[in-house]
Amino acid sequence: MKVKVLFFASLREQLGTAAEDLDLPAGVGNVAALRSHLRGRGGAWELALADGKLVRAAVNQDMAPPTTSLKAGDEVAFFPPVTGG
Amino acid sequence: MKVSVQAADFDAGAEMRALSRDPKVGAVASFVGVVREVAMTLEHYPGMTERALQRIVEDARARWQVLDCTVIHRTGALQPTDQIVLVAVASSHRGDAFAACEFIMDFLKTQAPFWKKEGAGWVEARASDDKAAERWK
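Engineer: Just checking my understanding: could you explain the overall build of chain B for this structure?
Structural biologist: Assigned secondary structure in chain B consists of 4 helices and 8 strands. Secondary structure elements of chain B occur, N-terminal to C-terminal, as β-α-β-β-α-β-β-β-α-β-β-α. The C-alpha radius of gyration computed for chain B amounts to 15 Å, which stays within 12% of the reference 14 Å derived for 137 residues, consistent with globular compactness. Projected onto the principal axes, the alpha-carbon positions of chain B cover approximately 50 × 35 × 25 Å. Buried residues in chain B amount to 47% of all 137 residues. Entry remark: accessible area of chain B is about 6,900 Å², with carbon and sulfur atoms responsible for 49%. Taken together, the 18 basic and 19 acidic charged side chains of chain B have centroids lying 3 Å from each other.

Shown next as C-alpha cells:
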C-alpha cells in the first residue's frame, strides 16, 4: 500500500526531508503505526518522532488523530503544533 | 467569503471597506496581527492551510450571523512591524461581528497549519492558545 508522506517546519529540518513516497509494510494501517514505523529508522527519526514529542498529523489535508486509518494513495503529513497568527 | 494565503502585504482599510458594501452590514470587526520585535519566516502547508481556514470560517458562519468575511495570512520572510494576518467579519450588529472575528482568530492559531521560525529557532506552540480555542466549545 503506497502513501505519500510529508514533513513540515522543525520536523522537516530534523529529518532532512520534506516528502517521500512510501510503501507501507503489512500491519501499518493507521497514523500511529506509521509514526512508529518511521521512528524505527533510528537516528534523527527516533529523536524527532519520539513518544514524548508533540507531533500532529493530517491525512488528506485534514487534521488526523493517531487512530486515523490509512488507505492506498493517502497523503499523510507530520508536523509540530501550529504557530500561525 | 475570502481566504487568502499570500506573501504580499494587504491593505486592511480597503479589505474592510470591501466588506461593508452590502446595505445589511451594520458592523465590521477586524483583527490585524503584527510581527513583534523579531524578524521571522512563516511556513505553511499549501492546500491544507487554505482548507483549514475555509472550515474555520464555515464554523463561524454556523454560529453567528456573518454576512461576509475576509481572512488573509502572509507567509515567507517578515520583519518587525510587518502585518501577518487579517481577520475581518461583517455582520448586521457588533456582537456577532466581534465574536466571529475572535473565534476565527482563536481557531486559526490552533488549527491552521502555519509555523513561525525566528532566526534559527522554531516558535513553540503555547498552551494559552489551546485554552483560548477551547473556551468556544
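Engineer: I'm lost on the environment of alanine 127 of chain B in this one. Help?
Structural biologist: Residues and elements named next belong to chain B. Take alanine 127: it is sitting in helix α4 (residues 127-134). Residue alanine 127 is classed as exposed on the basis of its relative accessible area of 55%. Remark: the alpha-carbon pair of alanine 127 and threonine 110, spanning 17 residues in sequence, is separated by 9.7 Å.

Engineer: What should I look at first to understand the interface of chain A and chain B in this one?
Structural biologist: A common way to state how big an interface is: give the accessible area lost once the parts meet. Listed per partner, the contact involves 20 residues of chain A and 26 residues of chain B. Across the chain A/chain B interface, buried area totals approximately 1,900 Å², and carbon plus sulfur atoms make up 54% of it. The three residues of chain A that bury the most area against chain B are Gln61, Thr83 and Gly85 of chain A, which together make up 35% of that side's buried surface. Here chain A is connected to chain B by 4 salt bridges. The interface formed by chain A and chain B holds 16 residue pairs in polar contact (both at pLDDT 80 or more) in total. Looking at the side of chain A that touches chain B, the elements with two or more residues in it are α1 (9-15), β4 (62-63) and β5 (75-79) of chain A. For the side of chain A that touches chain B, the residue count by class is 10 nonpolar, 6 polar and 4 charged.

Engineer: Where do I start with the pattern of salt bridges in this structure?
Structural biologist: Counted under the stated rule, the structure contains 14 salt bridges over all chains. Two residues, lysine 117 of chain B and glutamate 13 of chain A, come together in a salt bridge whose shortest N-O distance is 2.5 Å. Highlighted residues: lysine 117 of chain B in strand β7 (residues 114-118) and glutamate 13 of chain A in helix α1, drawn from two different chains. Note on glutamate 13 of chain A: relative accessible area 38%, which makes it partly exposed. Taking the shortest distance from any N to any O, the salt bridge between aspartate 74 of chain A and lysine 71 of chain A comes out at 3.0 Å. Salt bridges here are not isolated pairs; linked through shared partners, they connect Asp62 of chain A together with Arg51 and Arg55 of chain B.

Engineer: Honestly, the sheet that holds strand β6 (residues 83-91) of chain B in this entry has me stumped. Any pointers?
Structural biologist: Strand pairing within a sheet occurs via backbone hydrogen bonds; the two strands may be parallel or antiparallel. Residues and elements named next belong to chain B. With mixed pairing, 4 strands are arranged side by side in an open sheet as β1-β4-β6-β2. Edge positions in the open sheet fall to β1 (2-6) and β2 (27-34), since each of these has one partner strand only. For this sheet, the mean inter-axis angle between neighbouring strands, taken without regard to orientation, is 5°. With 6 bridges connecting them, strand β4 (residues 68-74) and β6 associate as antiparallel partners. In the sheet register, isoleucine 72 faces β6, and the bridge partner there is leucine 86.

Criteria and cut-off values
Along each chain, the written sequence defines residue order, and numbers are assigned to residues from 1. Working convention: letters from A go to chains and numbers from 1 go to ligands, in the order in which they are written. With pLDDT at 70 or above as the cut-off, local features in this predicted model cover only qualifying residues; side-chain atom pairs require 80 or more to be listed or tallied, and sums for whole chains, interfaces and linings still use all residues. Side-chain figures throughout are based on the complete set of non-hydrogen atoms in the structure, without hydrogens or water. The helix and strand labels rest on DSSP assignments: H or I over at least four residues marks a helix, E over at least two residues marks a strand, and numbering proceeds from the N terminus. For this measure, only C-alpha atoms enter the radius of gyration; the expected value for a globule follows 2.2 Å times N^0.38, where N is the number of residues. Any residue under 20% of the maximum accessible area for its type is buried, any over 50% is exposed, and the rest in between are partly exposed; the area is computed with a 1.4 Å probe on protein chains only. For the accessible areas, the method is Shrake-Rupley and the probe is 1.4 Å, while residue cover comes only from the protein chains on display. When charges are counted, Lys and Arg are positive and Asp and Glu negative, with His and the chain ends excluded. By convention, charge coordinates are those of NZ in Lys, CZ in Arg, CG in Asp, or CD in Glu. We call two residues in contact when some of their heavy atoms are within 4.5 Å. Put simply, buried area is the surface a 1.4 Å probe can reach on two separate parts but cannot reach once they are joined, added for both. Each salt bridge in this description consists of a side-chain nitrogen of Lys or Arg and a carboxyl oxygen of Asp or Glu lying within 4 Å of one another. We call two N or O atoms a polar contact when they sit within 3.5 Å, provided that within protein one can donate a hydrogen and the other can accept it, with sequence-adjacent residues counted only if both atoms are side-chain atoms. All amino acids are sorted into three groups, where Ala, Val, Leu, Ile, Met, Phe, Trp, Tyr, Cys and Pro are nonpolar, Asp, Glu, Lys and Arg are charged, and the leftover types, Gly among them, are polar. Two strands make a pair as long as DSSP finds a minimum of two bridges between them. Fitted lines through C-alpha atoms serve as axes, helices being fitted only where they are in contact, and the angles separating the N-to-C directions of these axes extend from 0 to 180 degrees.

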